[in-house]
Structures are given as structure tokens and as C-alpha cells.
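Letter by letter, the chains look like this.
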Amino acid sequence: MDPIGVFDSGVGGLTVVAALRRRLPAESILYLGDTARLPYGSKSPETVTRYTRRNIEFLVGRGVKAVVIACNTASALALEHLHLAPGMPLWGVIEPGARAAAAVSRGRVGVIATEATVRSDAYPQALRRLRPDLSVVSRACPLFVPLVEEGWHDDEVTARVAERYLAPLLEADIDTLVLGCTHYPLLKSVLARIVGPAVTLVDSAEAVAEVVAQGLTQAGLALPSHEGREGGAATQHLCVTDAGLSFQAVAGRILGAPDLPLEWVEVV
Ligand code: DGL
């Protein structure tokens, strides 16, 4: 039973893994957190594309049947340059996130993401393709990823930082806020308090899980739902490219299983 390969620069992609496990409980998952090279969000498109290629080669080398780029930065910068072997599905997170936002917005969308994702303009382009009427304001939030990796999710310091980042978006009177980095759903409670109930938060994880479920079925790669975890066989295996004490603590919180074993791997 080949697993689905999923990667991110760190713990953020596990928010997508949690959604995949809810939507596809029978499927096994092999996760790679590229902790040695995090953050991706401050790096050039060439570098992020190179890291993305290496990560995918690693996952494919371990026998995955499909790959999910659970990182907005890598999806925005690298996805269009990648060509996998025929029959090996590959999904990013930008398009599903943009679709989810376009479906709920009343017209004014805010996007928060890493610097590289904002610079790529991937979200505004995807949103306007879907709904040319939308006005889109973006804001890079580079301090969020280290705060999440540190585990400061619902914290006074994080709230102060978030207030500052979100102020221009609130001034622009947004009605929808896209969490355009897979780390950010972990800050949902802080962000929701700051933006208030009139702004809908869009986390692409559930939308990505749905796209993967449909894609696996179309490709003839989905497991029958009676197999896998329900039958006791689905596994989740976590790999990191550098030691990850805080990774382990945060991963345990996201996946609801403390002390998850981590395999330390080299991806070059
Ligand atoms: N979680 C990633 C994203 O969705 C990247 C964070 C980073 O490494 O900067 O963009």
C-alpha cells in the first residue's frame, strides 16, 4: 500500500496532513519537513524550486504514489516548473485555497503569506482568474513561521505581531482572509480574534484534501475505504532534514499524537 507523499519546509504542512487523514483515513502518509532549510519564504524562486525538486525526488525514491506540496511558497514558485513521471499525480495548495476563498468572498479578499508567495502574485492571479470582480490585498507576514515553529500559537507576543500585520488589511475592509501559508492555520484563534466575526478565514487544507481525494480516484490510485487505517494498516511516517525537538512537540499537537517518532533524513 504505497503512501501519499507530502512535504513542507517545516510543521506547517501537517495542517494539510491532518485534513488528509480526516478525508482519507485509509491512506498512509509519508511526510517530509525540510527543517534544515526552513524558511522557504525568504528565499529566491530558483532556490525554492531546487529544494522542491529534491524533496519530491526523496519522496518518489521512497515509493509514494502521489505528491502533495503542502507549502504555499513551493506551490507558488515551483509547481509550474515541475514535471513528474506520467501517472504520478502532483498537487499544490494555491489553486484549492483560491477556489475556497472565491466561493465565499463578498468582494474584498485579504491574503497573508510568506514574502516569496506575496512577491509571486500567485494568489491574486488565481483569485482574479476565478472571479475578476474581486479586489485583493496581500501582506507578507515573515515572523509568523518562526512563531509557529516555536509553538507560540495562542500567545500575547504573536497577537501583537498579528495586529500589526493585519492592520492594513482591516483598513482595506476585507471580508475574507486567505491563510496563504500552511503554518498559519495554527494561529487561527489569534487571527480570528483580531479580524472579528465579519471576516471569514480561509484555510486551504480541507479544500486540498478534497482535491487529492478526487484526484486519486480519477487516477485509479485510491484505496477502497475499508482498507487502511480502518483495517489497522494506514500509517503516517514523519521525516525531517534536521533535528526537530520543537517540530515533534508541535507535530504532536497538530496530529493529536504526542511523541511521534521522527526519522532524520538527508535530502541533497
Ligand atoms: N509553510 C510554508 C508555506 O505554506 C512555508 C513557510 C516557510 O518556510 O517560509 O508557505
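Our subject is the structure listed above.
Report follows, based on the coordinates. (Residues numbered from 1 in each chain as written. Predicted model: local features only at pLDDT ≥ 70, side-chain atom pairs only at ≥ 80, totals over all residues. Heavy atoms only, no water.)

**Considerations on the site of the ligand**
As a reminder, the rule being used: If even one non-hydrogen atom of a residue comes within 4 Å of a molecule or strand, that residue is called near it. By the criterion applied in these results, polar contacts are pairs of N or O atoms within 3.5 Å in which, for protein atoms, one can donate a hydrogen and the other can accept it, and in which residues neighboring in sequence qualify only through two side-chain atoms. Surface accessibility follows the Shrake-Rupley procedure with a 1.4 Å probe radius. Residue values consider only the protein chains on display as shielding. Note on residue classes: Ala, Val, Leu, Ile, Met, Phe, Trp, Tyr, Cys and Pro are nonpolar, Asp, Glu, Lys and Arg are charged, and everything else, Gly too, is polar.
Inspection of the region around the ligand gives 13 residues, with Ser9, Tyr40, Asn72, Thr73 and His183 positioned closest. A distance of 2.6 Å separates an oxygen atom of the ligand from a polar atom in the side chain of Ser9. Residue Thr182 places a main-chain N or O atom 2.8 Å away from an oxygen atom belonging to the ligand. In isolation the ligand exposes 300 Å². Once the protein is present, 99% of that is buried. Considering only residue class, the shell around the ligand consists of five nonpolar, seven polar and one charged.

**Observations regarding the packing of aromatic side chains**
Cut-off, in case you're wondering: A pair of Phe, Tyr and Trp rings is counted when the ring centres sit within 6.5 Å of each other, with Trp represented by its six-membered ring. The angle between the planes then sorts it: under 30 degrees is stacked, over 60 is edge-to-face, the rest tilted. Helix and strand assignments follow DSSP, with helices taken as H or I runs no shorter than four residues and strands as E runs no shorter than two, numbered in order from the N terminus. Accessibility here uses a 1.4 Å probe with only protein chains present; expressed as a share of the type maximum, an area under 20% marks a residue as buried, one over 50% as exposed, and anything in between as partly exposed. Note on geometry: a ring has a charge over it if NZ (lysine) or CZ (arginine) is within 6 Å of the ring centre and within 35 degrees of the ring normal.
Tallied over the entire structure, the rule returns four aromatic pairs. When the ring of Phe144 is compared with that of Tyr165, the centres are 5.1 Å apart and the planes differ by 90°; the resulting orientation is edge-to-face. One end of the pair, Phe144, is in helix H7 (residues 144-149); the other, Tyr165, is in helix H8 (residues 156-171), with 21 residues separating them in the sequence. Each member of the pair, Phe144 as well as Tyr165, carries the same accessibility label: buried. Ring geometry for Phe144 and Tyr184: centres 5.2 Å apart, planes at 90°, overall edge-to-face. On the criterion of sequence distance, the pair formed by Phe144 in helix H7 and Tyr184 in the loop between strand S7 (176-180) and helix H9 (188-195) is long-range, its members being 40 residues apart. No difference in accessibility class separates Phe144 from Tyr184, as the two residues are buried. Three or more aromatic residues link up through ring pairs in this structure, and these residues are Phe144, Tyr165 and Tyr184. Residue placement shows Arg37 over the ring face of Tyr51; its charged tip is 4.3 Å from the ring centre.

**As for the sheet that holds S7**
What counts, and what does not: Should DSSP find at least two bridges between two strands, the strands are taken to pair. Each axis is a line fitted through C-alpha atoms, and for a helix only the stretch in contact is used; angles between axes span 0 to 180 degrees, taken between their N-to-C directions. Working rule for contacts: check all heavy atoms of both residues, and any pair within 4.5 Å makes them a contact.
Read from one edge to the other, the open sheet built from four strands follows the order S6-S5-S7-S8, with strand pairing classed as parallel. Of all strands in the sheet, those with a lone pairing partner are strand S6 (135-140) and strand S8 (200-203), marking the two edges. Here the average twist between neighbouring strands, direction ignored, is 25°. Of the pairings in the sheet, the one linking strand S5 (residues 108-113) to S6 comprises six bridges and is parallel in character. Residue Val111 lies in a different strand from S6, and its bridge partner there is Ser138. Across the face of the sheet, helix H6 (residues 122-130) comes into contact with S5, S6 and S7 while running at roughly 160° to S6.

Read these as geometric descriptors, not functional statements.
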